[in-house]
Amino acid sequence: MDVLLQLAVGIGLSAAAGFRILIPFLVMSMAAQGGYLRLAPEMAWISSQEATIAFGVAAALEVLIYFIPVVDNFMDLIEVPAAAIAGTILTATVTSDLDPWLRWSLAAVAGGTVAGGTGALTGMTRLASTAVAGPVGNAAVGSAELASSGILSILAIAVPILALIVILVIAFLGFRQVKRRLR
């Protein structure tokens, strides 16, 4: 059961990385420092004070970049593959009880796919908001993505099963939105 909970935490953090790549790393670092999350031994550096500061600065820069019109749409091109990589790392970092080959395979399939899929859906939402409302719409979408990433990161660590339910709801709504646009 412990492995399933670790996988749920990893998938939750990965989904959060689809909204903002660095927020889940910051939350994971703080949670590991506080003793609320156990990391794989080779990734223990993430819980260091230096890493937390670095993640905090990098996350702040990422948030600011997404509030700059045009730059935010360019960042969406980079975000999907970067989110998939981040999702893989996040999931592998918290599933330390598995054999390394299985851990990284599951992390790539589950964490990478969830993060990349979430990133792709948010990118499509951003493009639609640019077309409809311009920079004002992008600011609203950027704020919603920031809040979603933070809340989902915390939820993934505190109540992983609830985080999975939220992810399923987001996926359902996202696929429904895509289906409507294709009609």
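The model shown is predicted, which means the values in this text are computed figures rather than measured ones.

Rules and cut-offs
- As a convention, each chain's residues are numbered from 1 in the sequence order in which they are written.
- In keeping with the predicted nature of the model, local features appear solely for residues at pLDDT of at least 70, side-chain atom pairs appear and are counted solely at 80 or more, and the whole-chain, interface and lining totals rest on all residues.
- By convention in this description, side-chain values take in all heavy atoms of the structure and omit both hydrogens and water.
- Only DSSP runs of H or I covering at least 4 residues are called helices, and only runs of E covering at least 2 are called strands; the numbering of each starts at the N terminus.
- The globule rule used here is 2.2 Å times the number of residues to the 0.38 power, and the radius of gyration it is set against is calculated over C-alpha atoms.
- Burial classification: accessible surface area is computed with a 1.4 Å probe over protein chains only, and a residue below 20% of its type maximum counts as buried, one above 50% as exposed, and the rest as partly exposed.
- In this description, accessible areas are obtained by the Shrake-Rupley approach with a 1.4 Å probe, and a residue is regarded as covered only by the protein chains that are shown.
- In this tally, Asp and Glu contribute negative charge and Lys and Arg positive charge; neither His nor the terminal groups of the chain are included.
- A charged residue contributes its charge at one atom only: NZ of Lys, CZ of Arg, CG of Asp or CD of Glu.
- For salt bridges, the criterion is a side-chain nitrogen of Lys or Arg within 4 Å of an Asp or Glu carboxyl oxygen.
- For the purposes of this section, nonpolar cores are sets of buried Ala, Val, Leu, Ile, Met, Phe, Trp, Tyr and Cys residues that join through side-chain atoms within 4.5 Å.
- Here, residues are in contact when the closest pair of their heavy atoms is within 4.5 Å.
- Known as pLDDT, the predictor's confidence for each residue is given on a scale from 0 to 100.

**A few points about the overall build of the protein**
Okay, so step 1: Looking only at helices and strands, one finds six helices and zero strands in the protein.
Okay, so step 2: Reading the protein from its N end, one meets helices and strands in the order α-α-α-α-α-α.
Okay, so step 3: The globule rule puts the C-alpha radius of gyration for 183 residues at 16 Å, and the 16 Å found for the protein is close to it.
Okay, so step 4: By principal-axis analysis of the C-alpha atoms, the protein measures approximately 45 × 35 × 25 Å.
Okay, so step 5: Each of the 183 residues in the protein was classed as buried or not, and the buried ones make up 46%.
Okay, so step 6: As presented, the protein carries roughly 9,000 Å² of accessible surface, and 79% of it is formed by carbon and sulfur atoms.
Okay, so step 7: Treating the 9 positive side-chain charges of the protein as one cloud and the 10 negative ones as another, the clouds have centres 17 Å apart.

**Focus on the pattern of salt bridges**
Okay, so step 1: A complete count under the given rule lists four salt bridges for this structure.
Okay, so step 2: One salt bridge in this structure joins Arg-38 and Asp-2, with 3.5 Å as the shortest N-O distance. Separated by 36 residues along the polypeptide, Arg-38 in the loop between helix H2 (22–33) and helix H3 (49–65) and Asp-2 in helix H1 (residues 2–19) bring together distant segments of the chain.
Okay, so step 3: Given a relative accessible area of 46%, Arg-38 falls into the partly exposed group.
Okay, so step 4: By relative accessible area, which is 42% here, Asp-2 ends up partly exposed.
Okay, so step 5: In this structure, Glu-42 engages Arg-103 in a salt bridge whose closest nitrogen and oxygen atoms are separated by 2.5 Å. Of this pair, Glu-42 sits in the loop between H2 and H3 while Arg-103 is found in helix H5 (residues 100–158), placing the two residues 61 residues apart along the sequence.
Okay, so step 6: Overall, the relative accessible area of 43% leaves Glu-42 in the partly exposed class.
Okay, so step 7: By relative accessible area, which is 5% here, Arg-103 ends up buried.
Okay, so step 8: Each of Asp-2, Arg-38 and Asp-97 takes part in a single network of salt bridges with overlapping partners.

**Let's talk about the nonpolar core**
Okay, so step 1: Membership of the largest hydrophobic core comes to 37 residues, with the highest contact counts inside it found for Leu-13, Met-28, Leu-37, Leu-39, Val-94, Leu-152 and Ile-157.
Okay, so step 2: Looking at this core, the elements that each hand over two or more residues are H1, H2, H3, helix H4 (71–94), H5 and helix H6 (160–182).
Okay, so step 3: For Leu-37, the residues in contact, after removing those within four places along its chain, are Val-9, Met-28, Ala-31, Ala-32, Val-94 and Ile-157.

**Description of the confidence of the model for the protein**
Okay, so step 1: Per-residue confidence for the protein averages 90 on the pLDDT scale, and 99% of its residues sit at or above 70.
Okay, so step 2: When the elements of the protein are averaged for pLDDT, H6 gives the smallest value, 85, and H2 the largest, 97.

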